[in-house]
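What follows is the residue order along each chain.
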Amino acid sequence: MKLTKRLHKTENLTLKARLDKEDVPAESLLKDAFRRLVANKGAVVGIIIIAILFFFAIFGPYITPYDFLSQNLELRNQAPSFQHLFGTDDLGRDIFSRVIYGARTAVILSLSITILSFLIGTIVGAIGVYAGGKIDAFIVWLIDLTMSIPSLLLVVVINASLKPPLISWMEKMYLQTKNTIFRETIWVDFILVFGSLALIKWPKAARIIRGQILSIKNKNYVTAARASGVSTFRILLRYIIPNALGPVIVLFSATLGEAMVLESTFSFLGVGVRPPMPSWGNMISDGLRVWHLYPHILIAPASFLAVVTMAFSFLGDGLNDAFNPRQWE
Amino acid sequence: MWKYVGNRLLRWIPTVLVVLLVVYALAFFGAGDPIKLIFLRAPGDVAYNAERIEVIREEAGLNRPFLVQFGDYLKHLVQGDFGNSLVSGRDVGSMIKNALPITLQLGLVATFLLAIFGTFLGVVAALHHNKWLDNVISGFALGIWGIPVFVSGPLLMVFLVRYLNVMDVPYGWHGLFNAQVILPLIVLSITPMALIIRQSRSAVLEVMSEDFIRTARSKGIPNIQIVLKHILRPILTPIVSQMGLITINMLNNAVLIETVFGIPGLGQLTVKAISGSDYPVILALVFIGSTVVLTVNLIVDLIFPLLDPRALSKKEVKEA
């Protein structure tokens with residue numbers, strides 16, 4: 001009795017699996033991948049942590065008990081307490097609030113870095129594939145070049161040397177136009193950080209996207225669709241994008257994590273987001289100065305960054321397994 | 001073989017030229033006037049004096065067109081002359097000669113450590129495939145890979161020095177055989193170690209499914225002997241192939257670690273040069289960084305066929 005029941009169940013499952021396969025390709029691929037993803041415990045923990053991070057980033061101002069700038073010189077370097085969950089720093093600012101605002105900085109910057117580098121990567125990769133010949137060879141050389149040098153140093157230099165002229169240009173513009181937009185130099189930091197970091201992040205995106213377009217473009221089902229008169233736009237929407245989606249999603253999550261680390265690296269080295277704007281990187285750098293006396297100033301931002309990078313690693317690993325069934329066994 | 005080496009070197013030259021050109025252009029068009037930096041340390045009581053500035057500019061040859069100056073720089077570079085620092089006025093070559101050995105020692109010892117421990121952990125994980133030990137090691141490797149060294153370094157330091165009290169504050173450079181070097185070495189080797197663990201684990205898993213392992217097992221050869229004789233050799237290839245990536249990782253991390261622990265190596269020189277807009281030093285560092293990465297990649301490609309003759313024949317087929 002039990003056996004027949006189980007047999008019945010498997011039969012149903014295979015039928016359902018078959019039905020899934022004949023479904024619309026975009027939905028079935030994502031559904032399939034999602035099922036494998038939630039079966040991976042590490043990835044689920046990663047997703048939860050990243051969801052909390054985004055929640056903090058979006059609703060930060062409504063959760064934080066204090067303003068990230070408000071100083072209280074009577075309560076300097078306080079150890080963690082119920083009033084100040086993570087304690088206060090050398091200016092009496094609440095570290096919990098600053099860490100939450102740091103999450104905001106990290107999310108804004110890493111999202112814009114990732115989106116910009118994917119934009120550049122897609123355009124350059126597509127140009128390479130469709131132009132072919134010397135242009136393609138040049139693009140491949142450019143990708144190899146940027147991936148074979150110690151690029152961190154290069155972008156730090158780019159960032160550091162473009163900042164002074166840009167700020168002086170903005171001051172000049174302010175004097176000419178009296179437009180207060182040009183007084184907000186904090187945006188120069190943001191724009192320079194994500195501009196220069198997208199510069200080292202786009203080659204990887206371009207390489208993957210170029211490879212995907214190249215392999216899918218010549219698949220038989222695309223040729224068949226073209227032969228039967230399907231429009232280019234529809235081919236792109238129905239066949240190329242759904243099939244290229246897997247590796248691109250994996251790369252997107254990985255780039256997001258790496259960009260977050262790079263942003264804090266910049267701020268740690270003092271070329272990224274400048275104080276008083278909180279970034280986990282410049283908070284770690286501040287904490288490192290007094291770590292022996294007040295370790296809590298260092299521990300809070302460092303632990304947050306460590307946990308978030310680990311979450312991205314586990315999510316990336318889960319996504320990789322979910323979207324590469326062949327590798328998955 | 002020499003033809004191959006020559007080819008690689010020829011292809012490397014445009015890469016380095018482009019990188020140097022970018023940095024030189026940034027210095028020339030972006031960073032503001034280098035004269036003011038020289039001016040600040042000019043001898044005598046020179047007030048802000050436009051004529052005097054023009055004289056210094058003329059003397060330093062900084063009023064010539066961009067490409068002429070860049071060509072001049074390259075000419076000196078080929079002769080081994082990196083120029084003088086804009087901030088201290090010292091010879092950049094000698095500054096690098098002081099800093100390079102420190103970073104080199106740290107890097108080499110860290111590479112040695114990570115190769116040994118990483119392979120060991122990877123092999124152990126693979127031999128306990130899908131058991132708890134494998135899960136712990138793989139999880140460790142996955143978790144540690146993304147964490148930046150300026151997070152793991154300070155956190156370990158706070159934990160070990162302040163809470164466990166097992167070591168002094170590690171700061172500065174007192175030679176390789178000083179206890180203060182332990183923590184920087186651990187932090188420097190632990191991130192790329194994750195890469196080696198993953199590589200060697202998957203390599204061992206692949207080798208274990210080969211026929212000759214089954215043959216050895218069926219002949220009753222003890223496990224330890226199988227690991228030493230049959231498994232360790234084939235996994236050298238994937239590990240060696242990661243050396244280029246590891247070198248880039250270490251160069252980047254050296255900048256951060258030397259800042260955290262106050263070690264006067266290339267990394268600290270880099271940070272100082274950038275915060276002082278000291279372009280001759282930055283150019284020299286970019287040059288040295290790319291040279292180191294090229295050299296490591298070249299050595300890897302040359303010893304690769306020695307480890308795995310199949311790689312050579314594949315390459316020849318591809319090139320033919």
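Criteria and thresholds
- Residues numbered from 1 in each chain as written.
- Chains lettered and ligands numbered in written order.
- Predicted model: local features only at pLDDT ≥ 70, side-chain atom pairs only at ≥ 80, totals over all residues.
- Heavy atoms only, no water.
- Helix = DSSP H or I, 4+ residues; strand = E, 2+ residues; numbered from the N terminus.
- Buried < 20%, exposed > 50% of the residue type's maximum accessible area, 1.4 Å probe, protein only.
- Contact = heavy atoms within 4.5 Å.
- Buried area = accessible area lost by both parts, 1.4 Å probe.
- Salt bridge = Lys/Arg side-chain N within 4 Å of Asp/Glu carboxyl O.
- Polar contact = N/O pair within 3.5 Å; in protein donor to acceptor, adjacent residues only side chain to side chain.
- Nonpolar A, V, L, I, M, F, W, Y, C, P; charged D, E, K, R; others polar.

Now for the overall build of chain A. The helix and strand tally for chain A stands at 12 helices and 0 strands. Ordering the α and β elements of chain A from the N terminus gives α-α-α-α-α-α-α-α-α-α-α-α. Relative to its 329 residues, chain A shows a buried fraction of 44%. Restricting the contact set of chain A to residue pairs at least 6 apart, pairs at least 24 apart contribute 69%.

All names here are of chain B. Of note, Asn 130 is a non-glycine position whose phi angle comes to about 65 degrees, a positive value. Among the structural elements, Asn 130 can be located in the loop between helix H5 (92-127) and helix H6 (132-146). According to the relative accessible area criterion, Asn 130 is exposed, its value standing at 58%.

Residues and elements named next belong to chain B. Mapping Leu 245 onto the fold places it in helix H11 (residues 243-261). Judged by its relative accessible area of 46%, Leu 245 is partly exposed. For the pair Leu 245 and Ser 202, spaced 43 residues apart in sequence, the C-alpha separation works out to 18 Å.

Opposite the 39 residues of chain A that make contact, chain B presents 41 residues. When chain A packs against chain B, close to 3,400 Å² is buried across both sides, 83% of that on carbon and sulfur atoms. Here chain A and chain B share 0 salt bridges between them. One can count 1 residue pair in polar contact (both at pLDDT 80 or more) joining chain A with chain B. When contributions to the side of chain A that touches chain B are tallied by element, the ones reaching two or more residues are helix H5 (133-147), helix H6 (151-177), helix H9 (232-269), helix H10 (280-289) and helix H11 (295-323) of chain A. In terms of residue count, H11(A) provides more of the side of chain A that touches chain B than any other element does, 12 residues in total. Across the side of chain A that touches chain B, the residue classes break down as 30 nonpolar, 8 polar and 1 charged.

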